[in-house]
Amino acid sequence: MNWDDETGTPAPERLGEPAAERLVGSAADREDQAVEAALRPKDLGEFIGQEKVREQLDLVLRAARARGATADHVLLSGAPGLGKTTLSMIIAAEMGAPIRITSGPAIQHAGDLAAILSSLQEGEVLFLDEIHRMSRPAEEMLYMAMEDFRVDVIVGKGPGATAIPLELPPFTLVGATTRAGLLPPPLRDRFGFTAHMEFYGPAELERVVHRSASLLDVEIDTAGAAEIAGRSRGTPRIANRLLRRVRDYAQVKADGVITREIASVALGVYEVDARGLDRLDRAVLEALLKLFGGGPVGLSTLAVAVGEERETVEEVAEPFLVREGLLARTPRGRVATPAAWAHLGLTAPRGVTGANGQQGLFGA
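Residues numbered from 1 in each chain as written. Predicted model: local features only at pLDDT ≥ 70, side-chain atom pairs only at ≥ 80, totals over all residues. Heavy atoms only, no water.

Structural notes on the overall build of the protein
Piece 1. The helix and strand inventory of the protein stands at 15 helices and eleven strands.
Piece 2. Within the protein, the fraction of its 364 residues that count as buried is 47%.
Piece 3. Total accessible area computed for the protein in this model is approximately 17,100 Å², and 52% of it derives from carbon and sulfur atoms. (Helix = DSSP H or I, 4+ residues; strand = E, 2+ residues; numbered from the N terminus. Buried < 20%, exposed > 50% of the residue type's maximum accessible area, 1.4 Å probe, protein only. Areas by Shrake-Rupley, 256 points an atom, 1.4 Å probe, with all protein chains shown as cover.)

This is how it looks when you write it as structure tokens:
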């Protein structure tokens, strides 16, 4: 049966937590920001993972230092929590320059951007987070600033308005975005170096956990670090957050040493399973499998079934489930894959044999 995706049925009051408050959410809360400031590596040599990006960026920065010039503008794209802000700070440190940090949503008018640009020092690094959310007038001003190190400030209104050119000192813009496809081509083309941040592998996350544990003065063994890394969704920010929660459990319920057993029990208390799924993820899968036989089912219907808003299911739960191969999006609706049935210990109906569950839609 094909469940209608456009029912328009209002979702009931949300039962789950906001994305930023999920233990396995990639958005940073205030605690994350405070801890990350202490855990951030200071140079490229300390930075773990992203081997290709580090190698390429190292060449760009070393060449700029050899020429005695400012580095090319840098665009970093990728999911939240992978190290874009950290890399921007490392760029400033490697170039021996100060860094100014702002974000796209904070720049709503061209005048806001002009005020920031006019106060930059020569060689300074301007980090613009979520650059794709900047207003269009500010974006058009940024084109000239990046290319010619000049902005035109409009004085007056109407026919008497005058454009006054304002020269800017050479600077390096580091733009970060989670949605590179929303950047207009003219802006994207003005970056001299573009890098995409990939999700981390288990071995890299283990190194992240060991390094963070050392800085936090937490005793952890190899198996304990591997257990935390395996549930961290390929994201260092989540690995560090899980480490802090397991540390709390180890201090209260054990002798303070994190082993595999302690990590497993602690993360079980926080409802993070062996693949990194939390309560919301499992609720989506359980509704899809137990209520709708594995699908296809419309997104709105699925959201109502788990007591969440449609946007929460689509933007918070689905990306990881799709990436893990547990759920597939099809023209007829959401479909569970054989891996989803296996993960929840259920038996898949006959015909669901393909890697993406398509076999079950049209029959074997």
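Remarks on the packing of aromatic side chains
Piece 1. Per the stated rule, a full pass over the model turns up one aromatic pair.
Piece 2. Between the aromatic rings of Phe149 and Phe171, the centroid separation amounts to 5.5 Å while the plane-to-plane angle is 80°, which identifies the pairing as edge-to-face. Remark: Phe171 occurs in the loop between strand S5 (162–167) and strand S6 (172–177) and Phe149 occurs in the loop between helix H5 (136–148) and strand S4 (150–155); sequence separation between them is 22 residues.
Piece 3. Residue class for Phe171 comes out buried when judged on its relative accessible area of 1%.
Piece 4. If you follow Arg233 out to its NZ or CZ, it ends over the ring of Phe320, 4.0 Å from the centre.
Piece 5. Directly above the aromatic system of Phe199 lies the positively charged group of Arg323, at a separation of 3.6 Å from the ring centroid. (Phe/Tyr/Trp six-rings, centres within 6.5 Å; stacked < 30°, edge-to-face > 60°. Lys NZ or Arg CZ within 6 Å of the ring centre and 35° of its normal.)

Overview of a nonpolar patch on the surface
Piece 1. Taken together, Val153, Ile164 and Leu166 make up a surface patch of nonpolar side chains, about 200 Å² in accessible area.
Piece 2. The partly exposed category is assigned to Val153, whose relative accessible area is 30%. (Patch = residues over 30% accessible without salt bridge, like charges linked within 9 Å, V, L, I, M, F, W, Y side chains within 5 Å. Salt bridge = Lys/Arg side-chain N within 4 Å of Asp/Glu carboxyl O.)

Focus on the nonpolar core
Looking at soluble globular proteins, one finds that nonpolar side chains tend to be buried together.
Piece 1. One finds Leu57, Leu87, Ile220, Ile228, Val246 and Ile258 to be the most contacted residues of the largest nonpolar core, which totals 49 residues.
Piece 2. For this core, the element with the most residues is helix H9 (residues 236–253), which contributes seven residues.
Piece 3. Beyond its immediate sequence surroundings of up to four residues, Ile228 is in contact with Val209, Ile220, Ala239, Leu242, Leu243, Val246, Ile258, Ala263 and Leu267. (Core = buried A, V, L, I, M, F, W, Y, C linked by side-chain atoms within 4.5 Å. Contact = heavy atoms within 4.5 Å.)

Digging into the pairing of strand S11 (residues 333–336)
Regular strands have side chains that alternate between both faces of the sheet.
Piece 1. Two strands pair when backbone bridges link them, and strand S10 (residues 327–330) and S11 are joined in this way by four bridges, in the antiparallel orientation. Across the sheet, residue Leu327 finds its bridge partner in S11, namely Ala336.
Piece 2. A loop of two residues connects S10 with S11, the two strands running antiparallel in sequence. (Pairing = 2+ DSSP bridges.)

Quick look at the sheet that holds S6
Piece 1. Taking strand neighbours across the sheet as the criterion, the five strands line up as S2-S3-S6-S1-S7 in an open arrangement whose pairing is parallel. In this open sheet, the two strands that pair with only one neighbour each are strand S2 (99–103) and strand S7 (193–196). With direction set aside, neighbouring strand axes in the sheet form an average angle of 15°.
Piece 2. By the bridge criterion, four bridges tie strand S1 (residues 74–77) to S6 in an arrangement that is parallel. Bridge assignment links Leu76 to a residue of S6, and that residue is Ala176.
Piece 3. Sheet contacts for helix H3 (residues 84–95): S1, S2, strand S3 (125–129) and S6; angle to S3, the most-contacted strand, approximately 175°. (Axes fitted to C-alpha atoms, helices over the stretch in contact; angles between N-to-C directions.)

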